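# Residue-level structure breakdown
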Amino acid sequence: MDKILDIDNVDLKIISLLNDDAKTPYTEIAKKVFVSSGTVHVRMRKLEDMGIVKSATLNIDFSKLGYDISAFLGIYLEKSSLYDTVIENLKQISEVINAYYTTGNYSIFAKIICKDTNHLRTVLDNIQKVEGIDRTETLIVLEESINRPIQFFDKTGKI
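Keep in mind that this is a model prediction, so the values were computed, not measured.

Cut-offs and rules
- Residues numbered from 1 in each chain as written.
- Predicted model: local features only at pLDDT ≥ 70, side-chain atom pairs only at ≥ 80, totals over all residues.
- Heavy atoms only, no water.
- Helix = DSSP H or I, 4+ residues; strand = E, 2+ residues; numbered from the N terminus.
- Rg over C-alpha atoms; globule rule 2.2 N^0.38 Å.
- Buried < 20%, exposed > 50% of the residue type's maximum accessible area, 1.4 Å probe, protein only.
- Contact = heavy atoms within 4.5 Å.
- Areas by Shrake-Rupley, 256 points an atom, 1.4 Å probe, with all protein chains shown as cover.
- Phe/Tyr/Trp six-rings, centres within 6.5 Å; stacked < 30°, edge-to-face > 60°.
- Domains from an automatic or database assignment.
- Axes fitted to C-alpha atoms, helices over the stretch in contact; angles between N-to-C directions.
- Parallel < 35°, antiparallel > 145°, perpendicular 65-115°, else oblique.
- Left-handed = near helix turned anticlockwise from the far one by under 90°.
- Nonpolar A, V, L, I, M, F, W, Y, C, P; charged D, E, K, R; others polar.
- Core = buried A, V, L, I, M, F, W, Y, C linked by side-chain atoms within 4.5 Å.

## A few points about the overall build of the protein
A tally of regular secondary structure across the protein gives five helices and four strands. Element order for the protein, N to C, with α for helix and β for strand: α-α-α-β-α-β-β-α-β. Here the protein has a C-alpha radius of gyration of 20 Å; the compact-globule value for 159 residues is 15 Å, and the former is much larger. Here the protein, with 159 residues, has 30% of them falling under the buried criterion. Long-range pairs, those at least 24 residues apart, make up 66% of the contacts in the protein with a sequence separation of at least 6. Total accessible area computed for the protein in this model is approximately 11,300 Å², and 50% of it derives from carbon and sulfur atoms.

In structure tokens, the structure reads:
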């Protein structure tokens, strides 16, 4: 918790700008934050060392790669003690792109992507064969309306 105290508005502005586009050059970030590019580099290294910045990722339109179905999967476990084993098995299924240990009805809530309904059926069959999974519920995504990073500042630049 103490390391969070080492974060200031400059760090948050750098994170916000890179959150919008992780490919933005440090020199451009520096101009917008009114610091040197060396400062941006040092701040980013600090944020990485603190574990705040884990990696830079791409925002991919999977449908343009032939993956037309996104779905969420609510997974019920036979016993909660099987969570670690089930997660390790789900990691082996490449179509599972996110998985969360949750409260509520499901033990695990996962996001999967598939090329079509036949592919979805195959993936669901593979998931349901995982030892420790009692049953699943599938929710097919019709449209992704919001996909954005958290905003640390309002439009005026204030927290």
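Now that the structure is up, let's keep going.
## Considering the packing of aromatic side chains
What characterises a pair of aromatic rings is the spacing of the ring centres plus the angle enclosed by the ring planes. Tallying each qualifying case throughout the model produces four aromatic pairs. Look at F72 and F109: their rings are 5.5 Å apart centre to centre, the planes differ by 5 degrees, and that puts the pair in the stacked class. Separated by 37 residues along the polypeptide, F72 in strand β1 (residues 69-77) and F109 in strand β3 (residues 108-114) bring together distant segments of the chain. Under the relative-accessibility criterion, F72 is labelled partly exposed at 29%. On the basis of relative accessibility, which here comes to 25%, the residue F109 falls in the partly exposed class. For the pair Y83 and Y101, a centre-to-centre distance of 3.9 Å together with 20 degrees between the ring planes defines the contact as stacked. Of this pair, Y83 sits in helix α4 (residues 83-90) while Y101 is found in strand β2 (residues 96-101), placing the two residues 18 residues apart along the sequence. An aromatic cluster is present here, built from F72, Y76, Y106 and F109 joined pairwise through their rings.

## A short note on the domain arrangement of the protein
Partitioning the protein into domains gives domain 1 (3-57) and domain 2 (62-140). Distance from the C-alpha centre of domain 1 to the C-alpha centre of domain 2: 34 Å.

## Points about the environment of G38
With respect to the helices and strands, G38 occurs in helix α3 (residues 37-49). By relative accessible area, which is 38% here, G38 ends up partly exposed. Along the primary structure G38 and D125 are separated by 87 residues, whereas in three dimensions their C-alpha atoms are 51 Å apart.

## Side note on the packing of helix α1 (residues 9-20) against helix α2 (residues 26-33)
At a minimum axis distance of 10 Å, the contact between α1 and α2 shows a crossing angle of 130 degrees. In terms of orientation, α1 lies oblique with respect to α2. Like other packed secondary-structure pairs, α1 and α2 cross with a definite hand, here right-handed. Every residue of α2 that contacts α1 at V10, K13, I14, L17 and L18 is listed here: Y26, I29, K32 and V33. Looking at the contact of α1 with α2, its residues break down into seven nonpolar, no polar and two charged.

## Section: the nonpolar core
One finds I75, L90, I108, I112, I127 and I133 to be the most contacted residues of the largest nonpolar core, which totals 21 residues. Counting residues per element, the ones that place at least two in this core are β1, α4, β3 and α5 (117-128). Ignoring sequence-local partners within four residues, the contact set of I133 consists of I75, Y76, L77, E78, V86, L90 and I127. Ranked by size, the runner-up nonpolar core spans ten residues in total, among them I14, I29, V40 and L47.

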